[in-house]
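# Architecture and fold: a report
What follows is the residue order along each chain.
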Amino acid sequence: MKIAVLGGTGLIGSQVVRLLTEHGHEAVPLSPSNGVDLLTGAGLDDGLKGADVVVNLTNSPTFDEKSPAFFRTTMENMVAAAQRQGVGHAVILSIVGVDLVPGLDYYRAKVLQEDILKAGPVPWSIVRATQFFEFVPAVLSWTSDEHAVRLPATPVQPLASADIAAEVAKVSVGAPLNGYRDVAGPEVFTLDELGRIALAAKGDDRPVVLDPAAGMFAAVPGDALIAKGDAHLATTTFREWLAQ
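How each quantity is defined
- Residue positions are given per chain, counting from 1 as you read along its sequence in written order.
- For this predicted model, a pLDDT threshold of at least 70 governs which residues receive local features, and a threshold of 80 or more governs which side-chain atom pairs are given and counted, while totals over whole chains, interfaces and linings are taken from all residues.
- Excluding hydrogens and water, the side-chain values take into account all heavy atoms of the structure.
- Every helix listed is a DSSP run of H or I at least four residues long, and every strand listed is a run of E at least two residues long, numbered separately from the N terminus.
- In this treatment the radius of gyration is a C-alpha quantity, and the globule benchmark scales as 2.2 Å times the residue count to the 0.38 power.
- In this description, contact between two residues means that some pair of their heavy atoms is separated by no more than 4.5 Å.
- Here the accessible surface of atoms and residues is derived via Shrake-Rupley with a 1.4 Å probe, and residues count as covered only by protein chains that are part of the display.
- Charge counting follows a simple rule: Lys and Arg are positive, Asp and Glu are negative, and His as well as the terminal groups are ignored.
- A single reference atom marks each charge: NZ on Lys, CZ on Arg, CG on Asp, CD on Glu.
- In this scheme, a residue with accessible area under 20% of its type's maximum is buried, one over 50% is exposed, and one in between is partly exposed, where area comes from a 1.4 Å probe on protein chains only.
- For two strands to be treated as a pair, DSSP must find no fewer than two bridges joining them.
- Pairing of aromatic rings covers Phe, Tyr and Trp, the last counted by its six-membered ring, and requires centre-to-centre distances within 6.5 Å; plane angles under 30 degrees mean stacked, over 60 mean edge-to-face, and any other angle means tilted.
- Here an axis means a line fitted to C-alpha atoms, over the contact stretch when the element is a helix, while the angle between two N-to-C directions is reported on a 0 to 180 degree scale.
- Every angle not falling under 35 degrees, over 145, or within 65 to 115 is termed oblique; those three ranges are roughly parallel, roughly antiparallel and roughly perpendicular.
- For any helix crossing, the convention is left-handed if the near helix is rotated counterclockwise from the far helix by under a right angle, and right-handed if that rotation is clockwise.
- Nonpolar residues are Ala, Val, Leu, Ile, Met, Phe, Trp, Tyr, Cys and Pro. Charged residues are Asp, Glu, Lys and Arg, and all others, Gly as well, are polar.
- We define a salt bridge as a contact between a side-chain nitrogen of Lys or Arg and a carboxyl oxygen of Asp or Glu at a distance within 4 Å.

### With respect to the overall build of the protein chain
- Along its length, the protein chain carries eight helices and eleven strands.
- Its C-alpha atoms give the protein chain a radius of gyration of 18 Å, within 12% of the compact-globule value 18 Å for 244 residues.
- Dimensions along the principal axes, computed over C-alpha positions, put the protein chain at roughly 55 × 35 × 35 Å.
- Across the protein chain, every contact between residues at least 6 apart in sequence was considered, and the portion connecting residues at least 24 apart equals 82%.
- Working note: accessible area of the protein chain is about 10600 Å², and carbon and sulfur atoms make up 55% of it.
- The protein chain carries 18 positive and 28 negative side-chain charges, and their two centres are separated by 3 Å.

### Looking at the pairing of strand β1 (residues 2-6)
- In terms of burial, β1 is a largely internal element, five of the five residues being buried.
- Taking every second residue as pointing to the same face, both faces of β1 are buried, with K2, A4 and L6 on one and I3 and V5 on the other.
- By the bridge criterion, five bridges tie β1 to strand β2 (residues 26-30) in an arrangement that is parallel. Residue pairing in the sheet places L6 in a bridge with L30 of β2.
- When β1 meets strand β3 (residues 53-56), the two strands line up parallel, connected through four bridges. Its bridge partner being in β3, V5 is matched across the sheet by V55.

### Section: the packing of aromatic side chains
- All chains considered together, the criterion is met by twelve aromatic pairs.
- With centroids separated by 5.2 Å and ring planes inclined at 85°, the aromatic side chains of F70 and F71 adopt a geometry described as edge-to-face.
- Accessibility expressed as a relative area gives 12% for F70, which makes it buried.
- Its relative accessible area of 0% is what places F71 among the buried residues.

### Quick notes on the packing of helix α3 (residues 67-84) against helix α4 (residues 105-119)
- Interhelical geometry of α3 versus α4 gives an angle of 15° and a closest axis separation of 8 Å. It follows from the interaxial angle that α3 and α4 lie roughly parallel. Crossing hand, α3 versus α4: right-handed. Touching S67, P68, F71, R72, M75, E76, M78 and V79 of α3 are D105, Y106, A109, K110, L112, Q113, I116 and L117, all from α4.
- For the contact of α3 with α4, the per-class residue count stands at ten nonpolar, two polar and four charged.

### Focus on the sheet that holds β2
- Across the sheet, which stays open at both edges, the seven strands sit in the order β2-β1-β3-β4-β5-β8-β11 with parallel pairing between neighbours. Here the strands that pair on one side only, and so sit at the sheet edges, are β2 and β11 (232-233).
- Packing of α3 onto the sheet brings it into contact with β1, β3 and β4 (89-95), and relative to β3 it is tilted by some 175°.

### A few points about the pattern of salt bridges
- If you walk through the whole model with that rule in mind, you get 13 salt bridges.
- For R196, the salt bridge identified is with D192, shortest N-O distance 2.9 Å. Here R196 and its partner D192 are both found in helix α7 (residues 191-201), four residues apart, which amounts to about one turn of the helix.
- By relative accessible area, D192 is classed as buried at 8%.
- A cluster of three or more residues bridged by salt bridges with shared partners is formed by D99, E114 and R128.

### As for unusual backbone geometry
- In this structure, N178 is a non-glycine residue whose phi angle is positive, near 45°.
- As for its placement among the helices and strands, N178 is situated in the loop between α6 (161-172) and β8 (180-184).

In structure tokens, the structure reads:
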């Protein structure tokens, strides 16, 4: 199969391209570096020409009120080009529980991205993942100073990007789901607990202070970000990942 991977040079995209290539598929990474600009649509038709599947792993450069415009423009461009080029399957990566967190601009933007795909003419699949292990340092940095890290006790179920990439690759080569595939980590933590584990692994002795109002995850209600039902659970634990 020929699979065009938008955002194919990023954290998840580069791993998806490698996995697909190893399994004998023609995986083509598309990004501004090789002439494909999803925001303007430049190069998009050429990039999707002959593709059986398009996978969109691009992300908004911000998490704020500007993110809906990014996802609206890029998804409308992608869906239109995929239809013109006769692509038979479109896949995007979203977030477990994304529709349960209306208090965050970025999560509303991701719901918009999903809705545009679902309303379009191209058969589709949406992989919803929990938070990435790789993003934990950034999350800590948002609410930290030299003295302490402040975090809410939001329940999270993170996983390694490699496990997300494997699920995206698997879905991409299968029949369109016209539905969702959820993937999550094997363990549930509160965010403050996860922060303590991460800091200890780096030898950082700053305390983690429980603060219900700290950071973007303070807006998450209850266990909205925890996988439900028949989600695929990855096997790599956070401590195993830290030890790599």
